[in-house]
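Secondary and tertiary structure notes
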Amino acid sequence: TDVFVGEACSATNLELLQMLGISHILLFGDDDHSDALVTARALDATLLVVPDAMGCVERGDTNALLVECTALVHAGRSAEEGGALIAGALVGAGAVWAACALLTTASPPVSIRRAFMKCRKLFPECRMMPELAAGVEAFAAAEAATAEAAAAAAAAAGCGQLGSGDSDSDDEDDDDGA
């Protein structure tokens, strides 16, 4: 496991974060985060603080916020011996909301309902408003469309290379079945 979800106080637990190999911390909430900053510096970790996620949602910036948040988590997941912590409120636009967004864009993708139920098993007290769930669904749809467009562009670029004058005279299938 390389992604962890917890309350805001987990972002200040240096010993635990070291043990988990956390390299990226996503922290929701408008409290004083100076302790989390000290912890992140001690870990040499990247810290992204989102002080007003609900304000972003209300302004219509849900997709941009979730893109930034999931990019940070993916960076933590892809860091050598790294991991990511999503911390903050378990209710509303916070840690569980971001974790659900991450799950809906996983491979294979998970529905917002299943993502929330997975989080609910871990945190029975978590809650999500319908508009937040709708924002995650819209984000997941946009991410899927972006991935499809990228795959189509890659396929088109591959087709363009075959017609570039290179000849492959044997008719055997040289690909790996993908």
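Everything that follows concerns the structure shown earlier in this document.
As a starting point, this report considers the structure included with it. Predicted model, so just to flag it, every value in this text is computed and none were measured. (Residues numbered from 1 in each chain as written. Predicted model: local features only at pLDDT ≥ 70, side-chain atom pairs only at ≥ 80, totals over all residues. Heavy atoms only, no water.)

Some thoughts on the overall build of the protein
When its secondary structure is counted, the protein shows 7 helices and 4 strands. In sequence order, the protein lays out its α and β elements as β-α-β-α-β-α-α-β-α-α-α. When burial is assessed residue by residue, the protein has 37% of its 178 residues classed as buried. At a minimum sequence separation of 6, the contacts of the protein that also span at least 24 residues come to 62%. Here the protein displays about 10300 Å² of accessible surface, and carbon together with sulfur accounts for 54% of that area. (Helix = DSSP H or I, 4+ residues; strand = E, 2+ residues; numbered from the N terminus. Buried < 20%, exposed > 50% of the residue type's maximum accessible area, 1.4 Å probe, protein only. Contact = heavy atoms within 4.5 Å. Areas by Shrake-Rupley, 256 points an atom, 1.4 Å probe, with all protein chains shown as cover.)

A closer look at the sheet that holds strand β3 (residues 46-50)
Read across the sheet, 4 strands follow the order β1-β4-β2-β3 without closing on themselves; strand pairing throughout is parallel. Two strands lie at the open edges of the sheet, namely β1 (3-6) and β3, each paired on one side alone. Averaged over all pairs of adjacent strands, the angle between their axes in this sheet comes to 15 degrees, without regard to strand direction. (Pairing = 2+ DSSP bridges. Axes fitted to C-alpha atoms, helices over the stretch in contact; angles between N-to-C directions.)

Side note on helix α2 (residues 34-43)
Buried residues of α2: A36, T39, A40 and L43, and no others. Viewed along the axis of α2, the buried residues span an arc of 100 degrees, placing them on a single side of the element. For α2, the exposed residues set more than 90 degrees away from the buried face come down to V38 and R41. If you follow the buried residues of α2, they end up packed against α1 (14-20), β2 (24-28) and β3. Just downstream of α2 lies D44, where phi reads positive at about 60 degrees. (Arc of directions from axis to C-beta.)

What about the side chain of T70?
Following the sequence through the fold, T70 ends up in helix α4 (residues 62-78). A polar side-chain atom of T70 sits 3.3 Å from the main-chain carbonyl oxygen of V67. Those residues in contact with T70, other than ones at most four positions away along the chain, are A101, L102 and F139. (Polar contact = N/O pair within 3.5 Å; in protein donor to acceptor, adjacent residues only side chain to side chain.)

Looking at the pairing of strand β4 (residues 84-87)
Residues A84 and I86 of β4 are buried on one face, and the alternating residues L85 and A87, pointing to the opposite face, are buried as well. Where β1 and β4 come together, 4 bridges link them in parallel fashion. The residue of β4 that forms the bridge with F4 is L85. Sheet analysis places β2 next to β4, joined by 4 bridges and oriented parallel. Within β4, the position partnered with L26 by the bridge is I86.

Structural notes on the environment of A53
With respect to the element layout, A53 can be found in helix α3 (residues 53-58). It is 7.1 Å that separates the C-alpha atoms of A53 and G94, two residues lying 41 residues apart in sequence. Discounting chain neighbours no more than four positions away, the residues touching A53 are F28, L65, A93 and W97.

Describing a negative patch on the surface
Residues D30, D31, D32, D35, D52, E58 and E131 make up a contiguous surface patch of negative charge. Following the sequence through the fold, E131 ends up in helix α7 (residues 130-162). Residue classification places E131 among the partly exposed residues on the basis of a relative accessible area of 43%. (Patch = residues over 30% accessible without salt bridge, like charges linked within 9 Å, V, L, I, M, F, W, Y side chains within 5 Å. Salt bridge = Lys/Arg side-chain N within 4 Å of Asp/Glu carboxyl O. Lys, Arg positive; Asp, Glu negative; His and termini not counted. Charge placed at Lys NZ, Arg CZ, Asp CG, Glu CD.)

By themselves, these observations are geometric and do not establish any function.
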